[in-house]
Amino acid sequence: MRKLKFADQLENLMTKQDTPRKVRKAVFPVAGLGTRFLPASKAVPKEMLTVVDKPVIQYAVSEARAAGIEHFIFVTGRNKHVIEDHFDLAPELQSTLEERGKQAMLDVLAENQPAAGATSFTRQQAPLGLGHAVWCAREIVGDEPFALLLPDMVMKAATPCLAGMMDVYDKTGANIVAVEECAPEDVSSYGIIAPGEGADTDASGGFPIATMVEKPAIADAPSNLFINGRYILQPEIFDLLENQEKGAGGGIQLTDSMLRLMEIQDFSGFTFRGETFDCGSREGFLAANVAFALDDPDLAESTRTMLRKKLG
Ligand code: G1P
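Just so we're clear, the structure is a prediction, and the values are computed from it rather than from any experiment.

Enquirer: Account for the overall build of the protein, naming residues and giving values.
Expert: Looking only at helices and strands, one finds 12 helices and 13 strands in the protein. For the protein, whose C-alpha radius of gyration is 20 Å, the value lies close to the compact-globule estimate of 20 Å for 312 residues. C-alpha atoms of the protein, sized along the principal axes, occupy 65 × 45 × 40 Å. Element-wise, carbon and sulfur atoms account for 52% of the exposed surface of the protein, whose accessible area totals about 15,900 Å². Each charge sign in the protein was given a centre, from 31 positive and 44 negative side chains, and these centres are 6 Å apart.

Put into structure tokens, the structure is as follows:
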């Protein structure tokens, strides 16, 4: 492992910061075991479980694509190879559909097909925390800003979360984290930020952040604004992740390295306006299925009828 003294890092970071560059790459950490979904996740990665008719991972990839991302980097683990297959061409399936004249199905497949060479896969070899998973992508990201999307967090909004963040990035060139309000009792499940004094958290151009803390006790939480799983980060985060000490829950926490990055680079908060479903939990996963079904022209009516009947 490369080790830089903090003073050297600081100098590196200060000089690298001047010119904001286009965000072309997105990282998707998908190494988690998904034990909350056993037995479903025993042989099938939890990211491949479906919300209505699309795997969970596809929502984050579509969101990234809609925000202009050109290269999709997956940090996987053992038993996740089917994710790679999902984003590859399927020649036999395609030729069978062509023979049968199933154009609508071919269009569905084409819709989310990354171009040749537009995906990369690397493995997180041990479950050492989100910060470590992100660090595993350092060679593929290289020296450029990148988006980070945690695929468990499935979002629904008129303007997708990452697209809104890109607008802020284009104006500020800053590091950006998207946040939302959570119930006070839920703060210990998330990274929590505190807005700068007097900051307008509704400002469409983002707002300054004073501090952030990973999974605080309720009494220590600086606000109820939680980090919702969408980030735009400068590559200097990798130098900080490299020597990040373990934090909350014994893992290498991205939030801890972002807090250090805040000392030397601008960081903005972006309040996401929309619905977020935490598909890492069974409740969130079910809520997402109901919400997306109610939004699907072919399923809305039957879902409504079914729910009415079930609820009496
Ligand atoms: C991670 C982050 C946390 C963030 C959350 C959003 O936690 O560490 O800051 O709020 O994702 O889902 P995890 O869910 O991996 O425990």
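Enquirer: Would you mind going over the layout of surface pockets in detail, with residue names and values included?
Expert: In this model, the second largest pocket occupies a volume close to 450 Å³. Taken together, 18 residues form the lining of the second largest pocket, with Gln58, His86, Val108, Leu109 and Ala110 sitting closest to its centre. Mapped by element, the contributors of at least two residues to the lining of the second largest pocket are strand 3 (54-55), helix 3 (81-86), helix 4 (91-99) and helix 5 (103-111). Among the elements that line the lining of the second largest pocket, the one with the most residues is helix 5, at five residues. Per-class residue counts for the lining of the second largest pocket are eight nonpolar, five polar and five charged.

Enquirer: So what's going on with the pattern of salt bridges? Residues and values would help.
Expert: For the structure on display, the rule yields 13 salt bridges. A salt bridge links arginine 273 to aspartate 202; its shortest N-O distance comes to 2.2 Å. Taken as a pair, arginine 273 in the loop between strand 12 (267-271) and strand 13 (275-278) and aspartate 202 in the loop between strand 9 (191-195) and strand 10 (207-214) lie far apart in primary sequence, 71 residues in all. In this structure, arginine 273 and aspartate 202 share a single accessibility class: exposed. Notably, a salt bridge pairs glutamate 301 with arginine 304, separated by 3.6 Å at the nearest N-O pair. A residue pair is termed a helical-turn pair when its members lie 3 or 4 positions apart in one helix, as glutamate 301 and arginine 304 do in helix 12 (residues 300-311) at three residues. Where salt bridges share partners, they join Lys22, Arg24, Lys25, Glu70 and Glu144 into one cluster.

Enquirer: Can you tell me about the side chain of glutamine 124, naming the residues and giving the values?
Expert: Along the polypeptide, glutamine 124 turns up in the loop between strand 5 (119-123) and helix 6 (130-135). Among the polar contacts made by the side chain of glutamine 124, one reaches the side chain of histidine 132 at a distance of 3.0 Å. Apart from the residues within four sequence positions on either side, glutamine 124 is in contact with Ala31, Val75, Thr76, Gly77, Gly129, His132, Ala133 and Cys136.

Enquirer: Residue-level account of the pairing of strand 7 (residues 153-156), with values.
Expert: Judged by which residues are buried, strand 7 turns out to be covered on both faces: Met153 and Met155 on one side and Val154 and Lys156 on the other are all buried. Judged from the four bridges that link them, strand 7 and strand 13 form a sheet pairing that is antiparallel. Looking at strand 13, one finds that lysine 156 is bridged to glutamate 275.

Enquirer: Describe in detail the nonpolar core, supporting the description with residues and values.
Expert: Burial of nonpolar side chains together is a common tendency in soluble globular proteins. Ranked by size, the top nonpolar core spans 36 residues in total, and within it Phe28, Ile69, Phe74 and Leu162 carry the most contacts. Among the elements of the structure, strand 1 (25-29), helix 2 (56-66), strand 4 (71-76), strand 6 (146-149), strand 7, helix 8 (161-172), strand 8 (175-181) and strand 11 (225-233) are those that each provide at least two residues to this core. Broken down by element, the residue count for this core peaks at seven residues, all from helix 8. When sequence neighbours within four positions are dropped, the list of residues in contact with isoleucine 69 reads Val23, Arg24, Lys25, Ala26, Ala64, Ala147, Leu162 and Met166. Counting 32 residues, the second-largest nonpolar core is a separate cluster that includes Val75, Leu148, Val179 and Phe207.

Enquirer: Provide a residue-level description of the site of the ligand, including the pertinent values.
Expert: Neighbouring the ligand are the residues Leu130, Leu150, Met153, Tyr190, Gly191, Glu214, Lys215, Ile227, Tyr231, Gln253 and Thr255. At 2.6 Å, a side-chain N or O of lysine 215 approaches an oxygen atom of the ligand. Note that an oxygen atom of the ligand is positioned 2.6 Å from one of the backbone N or O atoms of isoleucine 227. With the chains in place, 76% of the 380 Å² that the ligand exposes on its own is no longer accessible. Of the residues in the shell around the ligand, the class split is six nonpolar, three polar and two charged.

Enquirer: Give a detailed account of helix 12, specifying residues and quantitative values.
Expert: Working note: α-helix, 3.6 residues per turn, so residues spaced by three or four point in the same direction. Relative to the 16 Å expected for 12 residues at 1.5 Å per residue, helix 12 spans 16 Å between its end C-alpha atoms, a close match to the ideal helical length. Of the residues one or two after helix 12, glycine 312 is the one with positive phi, at around 75 degrees.

Enquirer: How would you summarise the packing of aromatic side chains if you had to cite specific residues and measurements?
Expert: Within this structure, the stated rule accounts for nine aromatic pairs. Summarising the aromatic geometry, the rings of tyrosine 190 and phenylalanine 226 are spaced 4.3 Å apart at their centres and angled 35 degrees between planes, so their arrangement reads as tilted. One end of the pair, tyrosine 190, is in the loop between strand 8 and strand 9; the other, phenylalanine 226, is in strand 11, with 36 residues separating them in the sequence. For tyrosine 190, a relative accessible area of 18% puts it in the buried group. The structure contains a cluster of three or more aromatic residues connected by ring pairs, namely Phe28, Phe72, Phe74, Phe87 and Phe121. In this structure, arginine 138 is placed above the aromatic ring of tryptophan 135, and the distance from its NZ or CZ to the ring centre is 3.7 Å.

Criteria and thresholds
Residues numbered from 1 in each chain as written. Predicted model: local features only at pLDDT ≥ 70, side-chain atom pairs only at ≥ 80, totals over all residues. Heavy atoms only, no water. Helix = DSSP H or I, 4+ residues; strand = E, 2+ residues; numbered from the N terminus. Rg over C-alpha atoms; globule rule 2.2 N^0.38 Å. Areas by Shrake-Rupley, 256 points an atom, 1.4 Å probe, with all protein chains shown as cover. Lys, Arg positive; Asp, Glu negative; His and termini not counted. Charge placed at Lys NZ, Arg CZ, Asp CG, Glu CD. 1 Å grid on protein atoms, 1.4 Å probe; cavity = no way out; pocket = protein on both sides within 12 Å on 5 of 7 lines; lining within 4 Å. Points joined across faces, edges and corners; volume = space filled by probe spheres on them. Nonpolar A, V, L, I, M, F, W, Y, C, P; charged D, E, K, R; others polar. Salt bridge = Lys/Arg side-chain N within 4 Å of Asp/Glu carboxyl O. Buried < 20%, exposed > 50% of the residue type's maximum accessible area, 1.4 Å probe, protein only. Polar contact = N/O pair within 3.5 Å; in protein donor to acceptor, adjacent residues only side chain to side chain. Contact = heavy atoms within 4.5 Å. Pairing = 2+ DSSP bridges. Core = buried A, V, L, I, M, F, W, Y, C linked by side-chain atoms within 4.5 Å. Near = heavy atom within 4 Å. Expected span 1.5 Å × (residues − 1). Phe/Tyr/Trp six-rings, centres within 6.5 Å; stacked < 30°, edge-to-face > 60°. Lys NZ or Arg CZ within 6 Å of the ring centre and 35° of its normal.

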